[in-house]
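# Survey of secondary and tertiary structure
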Amino acid sequence: MTDQISLGLTVKIPLEFDAAVDRVTEALKTEGFGVLTEIDVRATMKKKLDVDFRPYKILGACNPPLAYRALNAVPQVGLLLPCNVTVAYVEDHLTEVSLVDPVVMMGAVRHPELEAVANDAQARLKRVASMLASIE
């Protein structure tokens, strides 16, 4: 139920959109991530462009110990933080969740300490994706 894509993992879950956002937030918490930002793309598109868009949120997920390690190693890495997770309506009772791959995001920065942090974050986000994929 998960597909590897170029920027991360995508999982389709059999939940309504709002329930999916709640479930994703809870799954992230189990791996030490909190949601720092929540961008309601649908509301923004309506307000800024007066267009209708499907329910779609971008969650800015942060694991403070991992962020601390990364920022101490390379302060400019803040440009690549937090780890974005998207939650998008597909159809009734089906929502798509995409989780960024930190290894891909940090690939532009060659630094051994960052590689270790990115690998740790990737493993955690893969476990989140597995949790979500198991929803029936």
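Before any of the text, the structure's been laid out above.
First, a word on scope: everything that follows refers to the structure included in this document.

About the cut-offs
Residues numbered from 1 in each chain as written. Predicted model: local features only at pLDDT ≥ 70, side-chain atom pairs only at ≥ 80, totals over all residues. Heavy atoms only, no water. Helix = DSSP H or I, 4+ residues; strand = E, 2+ residues; numbered from the N terminus. Rg over C-alpha atoms; globule rule 2.2 N^0.38 Å. Pairing = 2+ DSSP bridges. Buried < 20%, exposed > 50% of the residue type's maximum accessible area, 1.4 Å probe, protein only. Axes fitted to C-alpha atoms, helices over the stretch in contact; angles between N-to-C directions. Parallel < 35°, antiparallel > 145°, perpendicular 65-115°, else oblique. Left-handed = near helix turned anticlockwise from the far one by under 90°. Contact = heavy atoms within 4.5 Å.

### Details of the overall build of the protein chain
When helices and strands are counted, the protein chain shows five helices and six strands. In the protein chain, the succession of α and β elements from N to C terminus is β-β-α-β-α-β-α-β-β-α-α. Computed over C-alpha atoms, the radius of gyration of the protein chain comes to 15 Å, within 12% of the 14 Å expected from 2.2 N^0.38 for 136 residues, which places it in the range of a compact globule. Its C-alpha atoms give the protein chain principal-axis dimensions of about 45 × 35 × 25 Å.

### So, the pairing of strand S5 (residues 83-91)
In this structure, strand S4 (residues 56-62) lies alongside S5, joined through six bridges in antiparallel fashion. Bridged to Ile58 within S5 is Thr86. Relative to strand S6 (residues 94-100), S5 is paired through six bridges, and the arrangement is antiparallel. The partner of Ala88 across the bridge, within S6, is Glu96. Hairpin connection between S5 and S6: a loop of two residues separates the two successive antiparallel strands, and His93 in this loop has a positive phi of roughly 65°.

### Considerations on unusual backbone geometry
The omega torsion of the bond from Leu81 to Pro82 falls at -5°, within 30 degrees of zero and hence cis. With a phi close to 55°, Asp50 is a non-glycine residue in the positive phi region. When you line up the elements, Asp50 lands in the loop between helix H2 (41-49) and S4. In this structure Asp50 comes out as exposed when scored by relative accessible area, which is 58%. With a phi close to 65°, His93 is a non-glycine residue in the positive phi region. Note that His93 resides in the loop between S5 and S6.

### Remarks on the packing of helix H1 (residues 17-30) against helix H5 (residues 112-133)
At a closest axis distance of 9 Å, the pairing of H1 and H5 adopts a crossing angle of 135°. By the angle between their directions, the pair H1 and H5 is classed as oblique. Relative to H5, H1 is oriented so that their crossing is right-handed. Here Arg23, Val24, Ala27, Leu28 and Thr30 of H1 lie close against H5, whose contacting residues are Leu125, Val128, Met131 and Leu132.

### Quick word on the packing of helix H3 (residues 64-73) against H5
Closest axis-to-axis distance for the H3/H5 pair is 9 Å, and the angle between their directions is 160°. By the angle between their axes, H3 is roughly antiparallel relative to H5. Between H3 and H5 lies a crossing whose hand is left-handed. Side by side, H3 and H5 meet where Leu66, Arg69, Ala70 and Ala73 of the first sit next to Glu113, Leu114, Ala116, Val117, Asp120, Ala121 and Arg124 of the second.

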